[in-house]
Amino acid sequence: MTGRQTGQRTVAETARTSVSRLRSDGSSTDGTADAKRRYGNRPTMKDVAARAGVGLKTVSRVVNGEPGVTPDTERRVQEAIEALGFRRNDSARVLRKGRTASIGLVLEDLADPFYGPLSRAVEEVARAHGALLINGSSAEDPDREQELVLALCARRVDGLVIIPAADDHRYLEPEIAAGVATVFVDRPPGRIDADVVLSDSFGGARDGVAHLIAHGHRRIGFIGDQPRIHTAIERLRGYRAAMADAEIEVDESWVSLGPTDPERVRHAAEAMLTGASPVTAVFAGNNRVTVTVVRVIAARTRPVALVGFDDIELADLLSPGVTVVAQDAAQLGRTAAERLFRQLDGASDAPELIELPTRLITRGSGEVPPAG
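Keep in mind that what you see is a predicted model, and the values were worked out from it rather than measured.

S.K.: I'd like to hear about the sheet that holds strand 1 (residues 102-107), residue by residue, with values.
M.R.: Pairing is parallel in the open sheet, where six strands are placed in the order 2-1-3-4-5-11. Among the strands making up the open sheet, the edge pair consists of strand 2 (132-137) and strand 11 (353-356). With direction set aside, neighbouring strand axes in the sheet form an average angle of 15 degrees. When strand 4 (residues 181-185) meets strand 5 (residues 195-199), the two strands line up parallel, connected through three bridges. From the neighbouring strand, Val185 faces strand 5, where its bridge partner is Val197. Here helix 7 (residues 115-128) sits on the sheet and contacts strand 1, strand 2 and strand 4; the angle it forms with strand 1, its principal contact strand, is near 170 degrees.

S.K.: Would you mind going over the packing of helix 3 (residues 45-52) against helix 4 (residues 56-63) in detail, with residue names and values included?
M.R.: At a closest axis distance of 9 Å, the pairing of helix 3 and helix 4 adopts a crossing angle of 110 degrees. Comparing the axis directions of helix 3 and helix 4 gives the class roughly perpendicular. Packed against helix 3, whose contacting residues are Met45, Lys46, Val48 and Ala49, the element helix 4 presents Leu56, Val59, Ser60 and Val63 at the interface. Here the contact of helix 3 with helix 4 is built from residues that sort into six nonpolar, one polar and one charged.

S.K.: Give a detailed account of the packing of aromatic side chains, specifying residues and quantitative values.
M.R.: The final tally for this structure, using the stated rule, is three aromatic pairs. When the ring of Phe114 is compared with that of Tyr115, the centres are 5.1 Å apart and the planes differ by 75 degrees; the resulting orientation is edge-to-face. Assigned by exposure class, Phe114 and Tyr115 land together as buried. Ring geometry for Phe222 and Tyr239: centres 5.4 Å apart, planes at 40 degrees, overall tilted. Highlighted residues: Phe222 in strand 6 (residues 220-224) and Tyr239 in helix 11 (residues 230-245), separated in sequence by 17 residues. Every member of this aromatic cluster is reached through a ring pair, and the members are Phe222, Tyr239 and Phe283. Positioned above the aromatic ring of Phe309 is the side chain of Arg235, whose terminal nitrogen or guanidinium carbon lies 3.8 Å from the ring centre. Stacked on the ring of Phe202, the Lys or Arg Arg237 has its end atom at 4.0 Å from the ring centre.

Reading guide: rules and limits
Residues numbered from 1 in each chain as written. Predicted model: local features only at pLDDT ≥ 70, side-chain atom pairs only at ≥ 80, totals over all residues. Heavy atoms only, no water. Pairing = 2+ DSSP bridges. Helix = DSSP H or I, 4+ residues; strand = E, 2+ residues; numbered from the N terminus. Axes fitted to C-alpha atoms, helices over the stretch in contact; angles between N-to-C directions. Contact = heavy atoms within 4.5 Å. Parallel < 35°, antiparallel > 145°, perpendicular 65-115°, else oblique. Nonpolar A, V, L, I, M, F, W, Y, C, P; charged D, E, K, R; others polar. Phe/Tyr/Trp six-rings, centres within 6.5 Å; stacked < 30°, edge-to-face > 60°. Buried < 20%, exposed > 50% of the residue type's maximum accessible area, 1.4 Å probe, protein only. Lys NZ or Arg CZ within 6 Å of the ring centre and 35° of its normal.

On their own, these measurements won't tell you what the molecule is for.
Encoded structure:
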């Protein structure tokens, strides 16, 4: 017999041995569950009752912490629950109580560092209220946002915290009327009244640009996000206000709005920094823009001042450190979640706009004087 034949027979014998070790009750002789039990066919209260030798109502009482069960019986039920890996199915409780103890969080981009602390803060508030957080990303696509929001509603979440991508949220009116608590964060909703929690994008941008002006700059570029996004427009408005306050006329070649992908931002920055009358400073409209502008400036010999909106990781370790207008992402998330649970607890307040302040953090890049 060849080595290959020996190997084939060994595999066959192993398979027969494995099959023979399975019991008729769906478990194996070595205590492991079969594939059918392990994947998808979860143990039920009937399975627990059968294993513990008690009635279904007794199991229900133990699972739900109800009285009327002797200590010995409760022990047998708990041992059966542990042996089978039983977990309570909350679907029936949802139907009885009308609440799922879950909320949805719809973000713009799960990969954006800005949303990490925001999401964590929402989760912490939800956990304090005994609720589960389910989140997803719209990828800045209005259609995807609507699809995700309605999918969460179909799964009967109690409330929603939304960073909106769409500019028309009337699709949510039936859900809100049906009792789904809803709070928007970072950007306001479109064409509906709802609670919204924002950072002061206008004031923060105005302060950041005024800081550059105070350090001698008059030719200041602005690179921001897409013009349909509320925060991009508010930050551009703050830029223009600071320039107007200093009686500086804005050359429109100094302003660039659009997608924040590195190629687009790099092209915009290089265009502003070249030519007969280049800008001496740049105000970056968000963290993604700031990262790309830092790279563009690092490749140039002439010093350029920079202030970015949103803090970035390692900003204090660069040389010079990056001066930023920082917003408190965690406080945004915490405030929005607390507002959401106020609604769920029965508060009947009128929709409110809550605006949180920003903070200018000076580290060096915003204090670079204009090149001579």
